[in-house]
Amino acid sequence: MKDLAIFSGKEAQTRSPSRSSQVQSPVPAQVQLVTINDEDAGQRIDNFLLRICKGVPKSHIYRVLRSGEVRVNKGRIDQTYRLAEGDIVRIPPIRIAEKAPSTAPGAEFKILLEDNHLLVIDKPAGVAVHGGSGVSYGVIEQLRAARPDAKFLELVHRLDRDTSGVLVLAKKRSALTNLHEQIRGGEPDKRYLVLVHGDWKNARQHVRLPLHKYTTPEGERRVRVQADGMESHTVFNLIQRYGPFALLEAELKTGRTHQIRVHLASSGFAIAGDDKYGDFALNRDLQKADGERVPLKRMFLHAHQITFIHPETGKSVTLNAPLPPECERFLKSLKKSAN
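Residues numbered from 1 in each chain as written. Predicted model: local features only at pLDDT ≥ 70, side-chain atom pairs only at ≥ 80, totals over all residues. Heavy atoms only, no water.

**Here we look at the side chain of Thr-254**
In step 1: Locating Thr-254 in the fold gives a position in the loop between strand E15 (245-252) and helix H5 (259-266).
In step 2: Residue class for Thr-254 comes out buried when judged on its relative accessible area of 19%.
In step 3: Within the structure, Thr-254 has its side chain in polar contact with the backbone nitrogen of His-233 (distance 2.9 Å).
In step 4: Here the side chain of Thr-254 touches Gln-259 through a polar contact of 2.8 Å, side chain to side chain. (Helix = DSSP H or I, 4+ residues; strand = E, 2+ residues; numbered from the N terminus. Buried < 20%, exposed > 50% of the residue type's maximum accessible area, 1.4 Å probe, protein only. Polar contact = N/O pair within 3.5 Å; in protein donor to acceptor, adjacent residues only side chain to side chain.)

See below:
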């Protein structure tokens, strides 16, 4: 174990304790007094400490909270205390293991919107949004590596690894909190383009099936329709038929994991290229060219539009990500095959 001076200096100071403000040199740690700014106000003290004390076990954070070593405005607080702007937080010296350098290569993605509060990108298929579950790094780690001076950068929501399209990130904590409140209130309008196999009948179809998350014996995260699952609602609009396929627009009324994929599979319509819930024999066939039809080597699910209220201006914002070229080519080849 080595001492890292994550907290150094004895004078009260105003700062946003972001990744870039953490000192990585092994010098003696000291007590620090941190003055809470508007970006960190509103957080619980335990979440605040867990975020800025990277590498410190949760058990140790809660131990120093219970012992009274962490104080706010010179008084003892419990772990549920919510920080207010101007609060002065006393943080004791904390011993942690030296942080391993990030292995994520810096990368930028096609930007749909960027300002002081938000970064909205067009995520390509095949890229995870974050590391974990066998993935070393994802979009968020690559963007942080590419923007080492960014004080704050967090995912507002997630997309499946094999889903392309609109992905929103927050550059300020206030923006993240605001957008999460909008999501909890069901306000953002998120729409996807999806290609299914089967005889889709209705121009507009509501699917309300409760969804339950579970983990397979191999440790893979899955979702199934289950009576005691979470209420889930998707609206599908028929855009165009291509022989035995149909292009749909999916409106998410709730935002459950794998919601579109499971709602469609459970309704008898496999998403082209879906390797978890789709038709595996169909997927193998689609990966090979067949006459006029070109191969499809990805899942045909694309987050093409989002509408939300901008956290700073209060105005409605609608952003679109065009269908990726490989999906456009596949649709054109289906049209040729049908003629």
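Structure's up, so let's keep going.
**Quick word on the nonpolar core**
In step 1: Core analysis: the largest hydrophobic core is formed by 30 residues, its most contacted members being Leu-169, Val-196, Ile-260 and Leu-264.
In step 2: Secondary structure elements with two or more residues in this core: strand E7 (118-123), helix H3 (139-146), strand E9 (164-170), strand E10 (189-197), E15, H5 and strand E17 (301-309).
In step 3: In terms of residue count, the dominant contributor to this core is E15 (4 residues).
In step 4: Excluding residues within four positions of it along the chain, Leu-169 makes contact with His-117, Leu-118, Leu-119, Ile-121, Ile-140, Leu-143, Leu-153, Glu-154, Leu-155 and Val-156. (Core = buried A, V, L, I, M, F, W, Y, C linked by side-chain atoms within 4.5 Å. Contact = heavy atoms within 4.5 Å.)

**Considerations on unusual backbone geometry**
In step 1: In this structure, Lys-74 takes a positive phi of about 70 degrees despite not being glycine.
In step 2: By the secondary structure assignment, Lys-74 is in the loop between strand E3 (71-72) and strand E4 (75-76).
In step 3: Overall, the relative accessible area of 78% leaves Lys-74 in the exposed class.
In step 4: For His-258, which is not a glycine, the phi torsion comes out positive at approximately 55 degrees.

**Some points on the packing of aromatic side chains**
In step 1: Under the criterion given, the structure shown has 3 aromatic pairs.
In step 2: Their ring planes at 70 degrees and their centres at 5.7 Å tell us that Trp-200 and Phe-236 sit as a pair that is edge-to-face. Within this pair, whereas Trp-200 is found in the loop between E10 and strand E11 (204-208), its partner Phe-236 is found in strand E14 (residues 233-242), the two being separated by 36 residues in sequence. Each member of the pair, Trp-200 as well as Phe-236, carries the same accessibility label: buried.
In step 3: Taken together, a centroid distance of 6.3 Å and an interplanar angle of 85 degrees make the contact between Phe-245 and Phe-330 edge-to-face. With Phe-245 in strand E15 and Phe-330 in helix H7 (residues 325-338), this residue pair connects regions lying 85 residues apart in the sequence. Per residue, the accessibility class of Phe-245 equals that of Phe-330, and both read buried.
In step 4: Three or more aromatic residues joined by ring pairs form one cluster here, namely Trp-200, Phe-236 and Phe-269.
In step 5: Above the face of the Tyr-277 ring, Arg-222 is positioned so that its terminal group lies 5.6 Å from the ring centre.
In step 6: One cation-aromatic arrangement involves Arg-224 over Tyr-214; the distance from NZ or CZ to the ring centre is 4.3 Å. (Phe/Tyr/Trp six-rings, centres within 6.5 Å; stacked < 30°, edge-to-face > 60°. Lys NZ or Arg CZ within 6 Å of the ring centre and 35° of its normal.)

**A few points about the confidence of the model for the protein**
In step 1: Summarising the model, the protein shows a mean pLDDT of 87, and 89% of its residues fall at 70 or more.
In step 2: Confidence drops under a pLDDT of 50 for residues 1-28, and excluding neighbours within four residues, the segment shows 80 contacts in the predicted structure. (pLDDT = per-residue confidence, 0-100.)

**Examining H3**
Every α-helix winds through 3.6 residues per turn, so residues three or four apart in the chain are directed the same way.
In step 1: Listed in full, the buried residues belonging to H3 are Val-139, Ile-140, Gln-142 and Leu-143. One face of H3 carries all of its buried residues, which in axial projection span an arc of 165 degrees.
In step 2: Looking at the buried positions of H3, the neighbouring elements they touch are E7, strand E8 (154-155) and E9. (Arc of directions from axis to C-beta.)

**What to know about helix H4 (residues 173-184)**
In step 1: Helix length check: H4 (12 residues) gives 16 Å between terminal C-alpha atoms against 16 Å at 1.5 Å per residue, within 8%.
In step 2: Taken together, the buried positions of H4 are Arg-173, Ala-175, Leu-176, Leu-179 and Gln-182.
In step 3: Close packing links the buried residues of H4 with helix H1 (45-52), E7, E8, E9 and E17.
In step 4: Positive phi appears at Gly-186, one or two residues downstream of H4, with a value of about 70 degrees. (Expected span 1.5 Å × (residues − 1).)

**Some words on the pairing of E17**
In step 1: For E17, the buried fraction is high: 8 of the 9 residues fall into the buried class.
In step 2: Relative to E17, E10 runs antiparallel, the two being bridged by 6 bridges. Each bridged residue has a counterpart across the sheet, and for Arg-191 the counterpart in E17 is Gln-305.
In step 3: Of the strand pairs in this sheet, E17 and strand E18 (residues 316-320) are connected by 5 bridges, and their pairing is antiparallel. What sits directly across from Ile-309, in E18, is Ser-316.
In step 4: Taking the residues that link successive antiparallel strands as the turn, the E17-E18 hairpin has 6 residues, and the phi of Gly-314 there is positive, at about 75 degrees. (Pairing = 2+ DSSP bridges.)

**Notes on the pattern of salt bridges**
In step 1: This model, assessed by the stated rule, comprises 19 salt bridges.
In step 2: Notably, a salt bridge pairs Asp-46 with Arg-44, separated by 2.6 Å at the nearest N-O pair.
In step 3: A salt bridge links Asp-160 to Arg-261, with the shortest nitrogen-to-oxygen separation between them at 2.9 Å. Separated by 101 residues along the polypeptide, Asp-160 in the loop between E8 and E9 and Arg-261 in helix H5 bring together distant segments of the chain. Across this residue pair, the class does not change: Asp-160 and Arg-261 are buried.
In step 4: The network of salt bridges with common partners includes Asp-189, Arg-191, Arg-204, Glu-249, Glu-251 and Lys-253. (Salt bridge = Lys/Arg side-chain N within 4 Å of Asp/Glu carboxyl O.)

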